[in-house]
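Descriptive structure summary
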There are 2 protein chains.
Amino acid sequence: MQKRATLADVAAAAGVSVATASKALHNRPRVGAATRERVRRAATQLAYVPNAQAQSLVTGRSSSIGLITSDLGGMFSSPIMIGAEDELGSSSSTVILANARGDAALEKRKLDFLVSRNVDGILVVNDNPNPRIPLDAPIPVVYAYAASVDPADSAVVVDNVHAGRIAAERLLRAGRRHIALVAGEPDFEASRDRLAGSREALEEAGLTFAEEPRFGPWQAEWGRRVARDLLSSGVPFDAVICQSDILAQGCISALISRGVRVPEDVAVIGHDNWGIITRLSAQRLTTVDNNLSEIGARAARRLMDAIDGHPDEGIEAVRGEVVEGETVP
Amino acid sequence: MQKRATLADVAAAAGVSVATASKALHNRPRVGAATRERVRRAATQLAYVPNAQAQSLVTGRSSSIGLITSDLGGMFSSPIMIGAEDELGSSSSTVILANARGDAALEKRKLDFLVSRNVDGILVVNDNPNPRIPLDAPIPVVYAYAASVDPADSAVVVDNVHAGRIAAERLLRAGRRHIALVAGEPDFEASRDRLAGSREALEEAGLTFAEEPRFGPWQAEWGRRVARDLLSSGVPFDAVICQSDILAQGCISALISRGVRVPEDVAVIGHDNWGIITRLSAQRLTTVDNNLSEIGARAARRLMDAIDGHPDEGIEAVRGEVVEGETVP
DNA sequence: CTGTTAGCGCGTTCAA
DNA sequence: TTGAACGCGCTAACAG
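How each quantity is defined
Residues numbered from 1 in each chain as written. Chains lettered and ligands numbered in written order. Predicted model: local features only at pLDDT ≥ 70, side-chain atom pairs only at ≥ 80, totals over all residues. Heavy atoms only, no water. Core = buried A, V, L, I, M, F, W, Y, C linked by side-chain atoms within 4.5 Å. Buried < 20%, exposed > 50% of the residue type's maximum accessible area, 1.4 Å probe, protein only. Contact = heavy atoms within 4.5 Å. Least-squares fit on C-alpha atoms with pLDDT ≥ 70 in both. Helix = DSSP H or I, 4+ residues; strand = E, 2+ residues; numbered from the N terminus. Phe/Tyr/Trp six-rings, centres within 6.5 Å; stacked < 30°, edge-to-face > 60°. Near = heavy atom within 4 Å. Polar contact = N/O pair within 3.5 Å; in protein donor to acceptor, adjacent residues only side chain to side chain. Nonpolar A, V, L, I, M, F, W, Y, C, P; charged D, E, K, R; others polar. UniProt positions renumbered as here; feature names shortened; annotations may be inferred. Disulfide = S-S within 2.5 Å. Buried area = accessible area lost by both parts, 1.4 Å probe. Pairing = 2+ DSSP bridges. Axes fitted to C-alpha atoms, helices over the stretch in contact; angles between N-to-C directions.

1. Description of the nonpolar core
In this structure, Leu97(A), Leu123(A), Leu67(B), Leu97(B) and Leu123(B) are the most contacted members of the largest nonpolar core, which totals 50 residues. Every residue in contact with Leu67(B), bar those within four places of it in the chain, is listed here: Leu97(A), Met81(B), Val95(B), Ile96(B), Leu97(B), Ala98(B), Leu123(B) and Val125(B). One finds Leu114(A), Ala147(A), Ile122(B) and Val124(B) within the second-largest nonpolar core, a separate group that totals 34 residues.

Given below as structure tokens:
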């Protein structure tokens, strides 16, 4: 196995000094065209690839960023990470992974570790959408999915009001007028925002919910429960907005087991487009996708900008869109 | 914001040379005890943290490894990554993420990129268990989940024969004697190995399958189909081994919709312990866990050993275990 | 246009 | 036991 060629090797092969070689390869101005070409050929010939450590030692930038996840392998982390990795990779920055497991102390240690490795910035990918305690770092930080509680911190999050709105609008467009809503846990800002968005859409159409929405746990059982209650209450309804796909799954199963046809009798729309549910269930669920990989990508871009000295303050909300399935006509 | 203290700063503060300071902080022999203490205090006082780039520039090692995933966010990648990140993090190695998306060309580029960043080794985390084309890298490589087709390459994988065996044994222990099996896709080594293991266990108990197992797609529908066929065929059976949790899910739904009680009439055991299914379904599934995070951890350890000059050749199979649920009595 | 010089922060000889 | 000197590979002044 050959030792890697260094810039000095390239320079020697091209018959120039290392300084000239460096300039030539970086497209710097003060080099003759012929010389530049010669250096370039020598470089490719020797399969020269610059030593990143040496470069960053002198430039002071490492072209690497730290990715702190609250929960590697969580439900939402992955798509965000994919988007971020993509974006950063295309800027040929390395992504250094750090899993904090939702443990604040561990997060602090991981942060110190990353900083000691001279990362240029930190991307905080949360798996829980609620605003979180800010990270105290000496380098730029951008939050994805969950914002920091300090609204001045840079963050890219889901536009939940819009998500709630388009869920309702989709049902209205299907001609439904008696719409119920299964809400998630009340201490999630996401639940409240989605509800607000849905309510707005209904009000603009001159409607109200078939029954005042109730908050409950993010579990299939809660969806089942609300569906059953709706049926026994006798309140007429022809559509249900469920604030997560799991809730929708439970809701649908309860409806079907009572002989209600979906979507003919009752249309159901979910939230999150959590891929696996689609694959598991017999019927593809119509749902609102949160555009998570876009969130990851934009957060990454913001971070790169901040590192380049152009910080973007504040929270940016990314809009999702309805993914058509078979549960809304 | 203060500039980070360098070794020279520490040395100056302690009134010694950088050489001595370096030795002192590294517990090298040729330093007086008193001097060492003085240097240490100076270091903590200045919050000195070594510059990783500079270190690696001179040592030639970066204390970072590349993690190439075939599918970031795939079904199996995450737990493996968690185990690996944990293990590597405790050796204070950084993990550099690279998502190849199952694209060979992209994988090659990512590999080159990682090598240009002087990673000390590569961990290949596959999401598909079939043996894969080896990576041609100038540094140590260890494969996790899927082995390389070259059996001499270092890999840590699931012991699928054992998994199949303990699934069957669990049903036998529950007193079941008429056991059917829903197999996955035939071109998956995992399907064939699990089947072989299950068959062995039955044969040792002097039994055969209630019906000769059939291979099919890894989808709920296939589980449903086999269950329905079994019921209509009239073959008596009191238990089913499903080679994935999704198959089990389908199987159970078909059984229940025909009025068969699970586990009273028919016990069902799955494979993979794919967390989400447990949470989604009304009944917690009894299943075989593959111990994926252990696979990740061991692969990481192997990689570290290889980097330290103690390569472990060949394939290591990690055993899983049955996770009790409510579908086997 | 090109080459020389001087570090970046650190580990490691080798003298003292 | 200590420290001066060198070099890892590269970029950025400056001088030619």
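Here the narrative resumes, following the displayed structure.
2. Notes on the relation of the copies chain A and chain B
With an axial shift of 0.1 Å and an RMSD of 0.2 Å, the rotation relating chain A to chain B amounts to 180°. Both chain copies can therefore be described as sitting about a two-fold axis. Most of the interface of chain A is mirrored in chain B: 98% of its interface residues are interface residues there too.

3. A word on the environment of Leu207(A)
All names here are of chain A. Relative to the helices and strands, Leu-207 is located in the loop between helix H8 (189-204) and helix H9 (220-233). A C-alpha to C-alpha distance of 49 Å links Leu-207 and Gly-309, two positions 102 residues apart in sequence. Not counting residues up to four positions away in its chain, the partners in contact with Leu-207 are Leu-172, Arg-177 and Leu-202.

4. Digging into the packing of aromatic side chains
Residue and element names in this part refer to chain A. In the structure shown here, the tally under the stated rule is four aromatic pairs over all chains. Measuring from ring centre to ring centre gives 5.5 Å for Phe-188 and Trp-218, while their planes differ by 75°; the resulting arrangement is edge-to-face. Here Phe-188 is found in the loop between strand S6 (179-182) and H8, whereas its partner Trp-218 is found in the loop between H8 and H9, with 30 residues between them in sequence. Residue Phe-188 is classed as buried on the basis of its relative accessible area of 14%.

5. A short note on the protein's contact with DNA strand C
Arg30(A), Gly32(A), Leu7(B), His26(B) and Tyr48(B) are the nearest of the 25 residues found near DNA strand C. Within 4 Å of the protein, the contacting atoms of DNA strand C are 70% sugar and phosphate, with bases supplying the remainder. The side chain of His26(B) places a nitrogen or oxygen atom 2.6 Å from a phosphate oxygen of DNA strand C. A distance of 3.2 Å is found between a phosphate oxygen of DNA strand C and a backbone nitrogen or oxygen belonging to Asn51(B). For the surface near DNA strand C, the secondary structure elements donating two or more residues are helix H2 (18-25) and helix H4 (52-59) of chain A together with helix H2 (18-25) and helix H4 (52-59) of chain B. Here the element with the most residues in the surface near DNA strand C is H4(B); it accounts for four residues. Here the surface near DNA strand C is built from residues that sort into 12 nonpolar, nine polar and four charged.

6. Here we look at the UniProt feature "domain: HTH lacI-type" (unreviewed entry) in chain A
The positions UniProt marks with the feature "domain: HTH lacI-type" (unreviewed entry) are residues 5-59 of chain A. Secondary structure within residues 5-59 of chain A divides into 67% helix and 0% strand; the distance between the first and last C-alpha atoms comes to 21 Å.

7. Describing the side chain of Arg117(A)
Note on placement: Arg117(A) falls in the loop between helix H6 (104-116) and strand S3 (121-125). A polar atom in the side chain of Arg117(A) sits 3.1 Å from the backbone oxygen of Ser62(B). In this structure, Arg117(A) is in contact with Ala52(B), Gln53(B), Ser62(B), Ser63(B), Ser92(B), Ser93(B) and Thr94(B), ignoring residues within four places of it in sequence.

8. Topic: the state of the cysteines
Tallied over the full model, the rule gives zero disulfides over all chains. The closest cysteine sulfur to the non-disulfide-bonded Cys242(A) is located on Cys251(A), 4.0 Å from its own sulfur.

9. Some remarks on the protein's contact with DNA strand D
Around DNA strand D there are 24 residues in total, and Leu7(A), His26(A), Tyr48(A), Gly32(B) and Thr35(B) lie nearest to it. Take the atoms of DNA strand D that sit within 4 Å of the protein: sugar and phosphate atoms are 73% of them. At 2.9 Å, a side-chain N or O of Arg28(A) approaches a phosphate oxygen of DNA strand D. Among the elements of the structure, H2 and H4 of chain A together with H2 and H4 of chain B are those that each provide at least two residues to the surface near DNA strand D. The class makeup of the residues in the surface near DNA strand D is 11 nonpolar, nine polar and four charged.

10. A short note on the interface of chain A and chain B
If you look at the interface, chain A gives 46 residues, while chain B gives 47 residues. For the pair chain A and chain B, the summed buried area comes to about 3900 Å², and 59% of that belongs to carbon and sulfur atoms. Counting across the chain A and chain B interface gives 21 residue pairs in polar contact (both at pLDDT 80 or more). Elements represented by at least two residues in the side of chain A that touches chain B include exactly H4, helix H5 (77-90), strand S2 (94-99), H6, H9, helix H10 (245-257) and helix H11 (275-280) of chain A. Looking at the side of chain A that touches chain B residue by residue, the class counts come to 24 nonpolar, 15 polar and seven charged. As judged from the three bridges shared by S2(A) and strand S2 (residues 94-99) of chain B, these two strands associate in the antiparallel manner. Across the sheet, residue Val95(A) finds its bridge partner in S2(B), namely Leu97(B).

11. Regarding the sheet that holds strand S9 (residues 286-289) of chain A
Residues and elements named next belong to chain A. Taken together, five strands build an open sheet; the order of strands is S6-S7-S8-S9-S11 and the sheet is mixed. Pairing within the sheet leaves two strands with one partner each, and these edge strands are S6 and strand S11 (321-323). When the angles between neighbouring strand axes are averaged without regard to direction, this sheet yields 25°. Alignment of strand S8 (residues 267-272) against S9, held across four bridges, turns out to be parallel. When the bridges of S9 are listed, Gly-270 appears paired with Thr-287. Across the face of the sheet, H8 comes into contact with S6, strand S7 (239-242) and S8 while running at roughly 175° to S6.

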